[in-house]
Amino acid sequence: MRENEFSIVGKTAVMIGFIWLSVAAAANVIQGNVPYPQAFAITLVGFVLFLCAKLSLLRQGRLVSFGPGLMSPAMKNIYRGGYWVMIVGAMATFSS
């Protein structure tokens, strides 16, 4: 196993945790309950990362693009990282 790979136990634990938090967040959204509104700042940080990556395409003259296909490798990582941080922020905001 390479050093940057998870074992099957680790992958399973992460998936169970992700599903659990997703269900808790969805239940709170349906009920209109926001347990940790201050955690929304995490989502905003993710959006800034996403926006930085998208602005790199605007500087190249691309007004419309879908996905990270036309980005440099560094911008692709920022784009994907921004999405993950937004997901984590949303889960932190709505999960109890």
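Look above for the structure.
What you are looking at is a predicted structure, and each value in this text was computed from that prediction instead of being measured.

(A) A look at the overall build of the chain. Per the secondary structure count, the chain includes 3 helices and 0 strands. Taking 96 residues into account, the globule formula puts the C-alpha radius of gyration at 12 Å, and the chain, at 16 Å, lies well above it. Within the chain, buried positions represent 23% of all 96 residues. Of the accessible surface of the chain, which amounts to about 7,000 Å², a share of 72% is contributed by carbon and sulfur atoms.

(B) A look at the environment of Ser7. Tracing the backbone shows Ser7 in the segment before α1 (8–31). With 39 residues separating them in the primary sequence, Ser7 and Gly46 have C-alpha atoms 27 Å apart.

(C) The arrangement of the nonpolar core in detail. Counting residues in hydrophobic clusters, the biggest one holds 6 residues: Phe50, Ala53, Leu57, Met71, Tyr79 and Met86. The element contributing the most residues to this core is helix α2 (residues 40–59), with 3 residues. Once you skip the residues sitting within four places of it in the chain, Leu57 turns out to touch Arg62, Ser65, Leu70 and Met71.

(D) Up close: the packing of α1 against helix α3 (residues 73–94). Where α1 contacts α3, the two axes come as close as 8 Å, and the packing angle between them is 60 degrees. With respect to each other, α1 and α3 are oriented oblique. As for how α1 packs across α3, the hand of that crossing is left-handed. For the pair formed by α1 and α3, the contact residues are Phe18, Leu21, Ser22, Ala24, Ala25, Asn28 and Val29 on the first element and Ile87, Met91 and Phe94 on the second. Among the residues forming the contact of α1 with α3, the class breakdown is 8 nonpolar, 2 polar and no charged.

(E) A look at the side chain of Ser95. Of note, Ser95 is situated in the segment after α3. A polar side-chain atom of Ser95 sits 2.7 Å from the main-chain carbonyl oxygen of Met91.

The rules behind each value
- Residues numbered from 1 in each chain as written.
- Predicted model: local features only at pLDDT ≥ 70, side-chain atom pairs only at ≥ 80, totals over all residues.
- Heavy atoms only, no water.
- Helix = DSSP H or I, 4+ residues; strand = E, 2+ residues; numbered from the N terminus.
- Rg over C-alpha atoms; globule rule 2.2 N^0.38 Å.
- Buried < 20%, exposed > 50% of the residue type's maximum accessible area, 1.4 Å probe, protein only.
- Areas by Shrake-Rupley, 256 points an atom, 1.4 Å probe, with all protein chains shown as cover.
- Core = buried A, V, L, I, M, F, W, Y, C linked by side-chain atoms within 4.5 Å.
- Contact = heavy atoms within 4.5 Å.
- Axes fitted to C-alpha atoms, helices over the stretch in contact; angles between N-to-C directions.
- Parallel < 35°, antiparallel > 145°, perpendicular 65-115°, else oblique.
- Left-handed = near helix turned anticlockwise from the far one by under 90°.
- Nonpolar A, V, L, I, M, F, W, Y, C, P; charged D, E, K, R; others polar.
- Polar contact = N/O pair within 3.5 Å; in protein donor to acceptor, adjacent residues only side chain to side chain.

Note that every value here comes from positions in space, so none of it alone points to a role or purpose.
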